[in-house]
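Examining the three-dimensional arrangement
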Amino acid sequence: MTLINENYLKLKAGYLFPEIARRVNSYIDSNPGTEIIKLGIGDVTEPLTPAVVTAFHEGVREMGEPKTFRGYGPGQGYDFLKKLIAEYDFKKRGVDIRPGEIYVSDGAKCDTGNMQEIFAVNNKIAIGDPVYPVYLDTNVMAGRSGVCQENGTYENIIYMPCTENNNFIPELPQQPADIIYLCFPNNPTGSVASRQALKEWVDYARQQRAVILFDAAYEAFITDKEIPHSIYEVEGAKECAVEFRSLSKTAGFTGTRLAYTVVPDKVKAYDTAGKEHSLAGLWQRRQNTKFNGVSYPVQKAAAACFSDQGQKEITERLQYYLTNAALIKEELTKAGHKVYGGINAPYLWMKTPDGQSSWQFFDTLLHQVGVVGTPGAGFGCSGEGYFRFSAFGSREKIQEAMERITAAGI
Ligand code: PLP
């Protein structure tokens, strides 16, 4: 008899997006012809930039000729790409990361999800609430949580509420945490952490001999010059933090797939005898066993992002989304709503009006104006009472959505 991993049974069903789709479809069925505007998705809408497309074609052409054909590449990514990442993402910001400390992959989702495998099952996990669900679910699957309780939280997980009261920045936990997930700019709240806030976390982690898993998937959206793009801009972080980056939102690679994780040589964790081990060694071992690298044309396309022309084009795309975000923020604020985020992030986090629950507000928006967003409760208990708008989408549609909301007096 084959037994299953029963931790999977503890998972709450992947409820959020299917439930959104169910409500939208049922609305469309009873209101045929209504045009729905979707401001809920966390996926890019603008195409790859010309420099990227040219390099992608070139990579494919090389693969089609005997002299330039390549088979398996280095599992951790080609040096030509890792050198460019080290240069553009880190050196230009005064951070010294060696190309060898960079691990190229096909997604920050898999990296943030897989990283927990190299840690013992009895580590105590701390996550923000609301949160990008991957951090939590992968730890539940691995058996680091107890069961899901009636209020939707899992036993044995440290939740760090992120609310208006703390500017959506998690506070240091009361009980000791071994692995801390931080995400800035944040999905879903759009908040960013100051250097000082990150310094407190780095100091905490070093003192606790804990590890910070820092998800910087949205760093390219940071406009405020004072906000660090990388946790390594904070002193001491190279001893205690792993950083995840992705070209998904930065350069429109959600369907092309390229991300990278930085595991500095100095980050250590311990065995039960207290002996120190390098995380990089374990991560490399894990990846060598389970991952065979990203395709050459994709890495070639990614490398084009790290050129002066590539950066210029990507910045234009990012600016487009940030202008969308500014428009949403301005219109919703004018309509009397409290709106957070949207300045250094593609997400806006709105307080639902008149004490409506986030699902009630979802229905209000859908039924009154045919606009779809994401209920905050779907990201965790502390997301209740909030609603996420995404700035990914066409300017026209976003303008129309805002006009509908304003005209309906929502
Ligand atoms: N991290 C966060 C916070 C995200 O919101 C997302 C995607 O929505 C990811 C990681 C996944 O990125 P990737 O497309 O590289 O897997």
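Note that the structure is a prediction, hence the values are computed from the model and not measured.

Attention now moves to the nonpolar core. In summary, soluble globular proteins display a tendency toward joint burial of nonpolar side chains. In this structure, Ile180, Ile212, Tyr232, Leu247, Phe253 and Leu258 are the most contacted members of the largest nonpolar core, which totals 60 residues. Ranked by residues supplied to this core, first place goes to helix H7 (residues 195-208) with six residues. Not counting residues up to four positions away in its chain, the partners in contact with Ile180 are Ala126, Met160, Trp201, Tyr204, Ala210, Val211, Ile212 and Leu213.

Let's shift gears to the domain arrangement of the protein. Per the domain assignment, the segments of the protein are domain 1 (6-47 + 309-407) and domain 2 (52-307). Placing a centre on the C-alpha atoms of domain 1 and another on those of domain 2 gives a separation of 25 Å. On the side of domain 2, 46 residues touch domain 1, which itself brings 35 residues to the contact. On the surface where domain 1 and domain 2 come into contact, there are two salt bridges. Here domain 1 is connected to domain 2 by 23 residue pairs in polar contact (both at pLDDT 80 or more).

Think of a ball as big as a water molecule: rolled over the atoms, this probe shows where empty space is left. As enumerated under the stated definition, the model contains three cavities of 30 Å³ or more in all. By volume, the largest cavity is sized at about 80 Å³. Residue lining of the largest cavity: 13 residues in total, with Gly128, Tyr181, Leu182, Cys183 and Asn186 positioned closest to the centre. By residue number, the principal contributor to the lining of the largest cavity is strand S5 (residues 179-183), which donates three residues. The residue inventory of the lining of the largest cavity, partitioned by class, reads 11 nonpolar, two polar and no charged.

Next up on the list: the side chain of Thr364. Relative to the helices and strands, Thr364 resides in helix H12 (residues 358-369). At 2.8 Å, the side chain of Thr364 and the side chain of Gln356 are in polar contact. With sequence-adjacent residues up to four places away left out, Thr364 is seen in contact with Gln356, Val369 and Ile410.

Take the state of the cysteines next. For the coordinates displayed, the defined rule picks out zero disulfides. A disulfide-free cysteine, Cys240 has its sulfur positioned 17 Å from the sulfur of Cys183, the nearest such atom. The exposure class assigned to Cys240 is buried, which follows from its relative accessible area of 1%.

Taken as a whole, the largest pocket encloses approximately 1,200 Å³ of empty space. In terms of lining, the largest pocket is formed by 46 residues, of which the most central are Phe17, Tyr132, Pro133, Val134 and Phe379. Within the residue set of the lining of the largest pocket, elements represented by two or more residues are helix H2 (16-30), helix H5 (108-114), strand S3 (125-129), helix H6 (133-142) and helix H8 (247-251). If you tally residues by element for the lining of the largest pocket, the top one is H6, at six residues. Of the residues that make up the lining of the largest pocket, three or more belong to each of domain 1 (6-47 + 309-407) and domain 2 (52-307).

This next bit is on the packing of helix H4 (residues 79-90) against helix H10 (residues 296-305). Contact pair H4 / H10: the axes reach a minimum separation of 9 Å and the direction vectors enclose 25°. Between H4 and H10, the crossing angle belongs to the class labelled roughly parallel. Crossing handedness for the pair H4 and H10: left-handed. Seen from H4, the contacting residues are Phe80, Leu81 and Leu84; seen from H10, they are Tyr296, Gln299, Lys300, Ala302 and Ala303. Its residues placed into classes, the contact of H4 with H10 shows six nonpolar, one polar and one charged.

Extensive coverage of S5 is indicated by the burial of five of its five residues. Residues Ile179, Tyr181 and Cys183 of S5 are buried on one face, and the alternating residues Ile180 and Leu182, pointing to the opposite face, are buried as well. Inspection of the sheet shows S3 paired to S5 by two bridges, in the parallel sense. In the strand pairing of S5, Ile125 is matched with Ile179. Across five bridges, S5 lies against strand S6 (residues 211-215) in parallel orientation. Considered in S6, the bridge of Ile180 is made with Ile212. Note that the unit made of S5, H7 and S6 has a crossover that is right-handed.

This paragraph deals with the packing of aromatic side chains. This structure, assessed with the given rule, holds 23 aromatic pairs. Measuring from ring centre to ring centre gives 6.1 Å for Phe80 and Tyr296, while their planes differ by 80°; the resulting arrangement is edge-to-face. In this pair, Phe80 is assigned in helix H4 and Tyr296 in helix H10, connecting sequence segments 216 residues apart. Using a relative accessible area of 5% as the deciding quantity, one classes Tyr296 as buried.

So, how was this worked out
- Residues numbered from 1 in each chain as written.
- Predicted model: local features only at pLDDT ≥ 70, side-chain atom pairs only at ≥ 80, totals over all residues.
- Heavy atoms only, no water.
- Core = buried A, V, L, I, M, F, W, Y, C linked by side-chain atoms within 4.5 Å.
- Buried < 20%, exposed > 50% of the residue type's maximum accessible area, 1.4 Å probe, protein only.
- Helix = DSSP H or I, 4+ residues; strand = E, 2+ residues; numbered from the N terminus.
- Contact = heavy atoms within 4.5 Å.
- Domains from an automatic or database assignment.
- Salt bridge = Lys/Arg side-chain N within 4 Å of Asp/Glu carboxyl O.
- Polar contact = N/O pair within 3.5 Å; in protein donor to acceptor, adjacent residues only side chain to side chain.
- 1 Å grid on protein atoms, 1.4 Å probe; cavity = no way out; pocket = protein on both sides within 12 Å on 5 of 7 lines; lining within 4 Å.
- Points joined across faces, edges and corners; volume = space filled by probe spheres on them.
- Nonpolar A, V, L, I, M, F, W, Y, C, P; charged D, E, K, R; others polar.
- Disulfide = S-S within 2.5 Å.
- Axes fitted to C-alpha atoms, helices over the stretch in contact; angles between N-to-C directions.
- Parallel < 35°, antiparallel > 145°, perpendicular 65-115°, else oblique.
- Left-handed = near helix turned anticlockwise from the far one by under 90°.
- Pairing = 2+ DSSP bridges.
- Right-handed = clockwise from strand over helix to strand, strands pointing away.
- Phe/Tyr/Trp six-rings, centres within 6.5 Å; stacked < 30°, edge-to-face > 60°.

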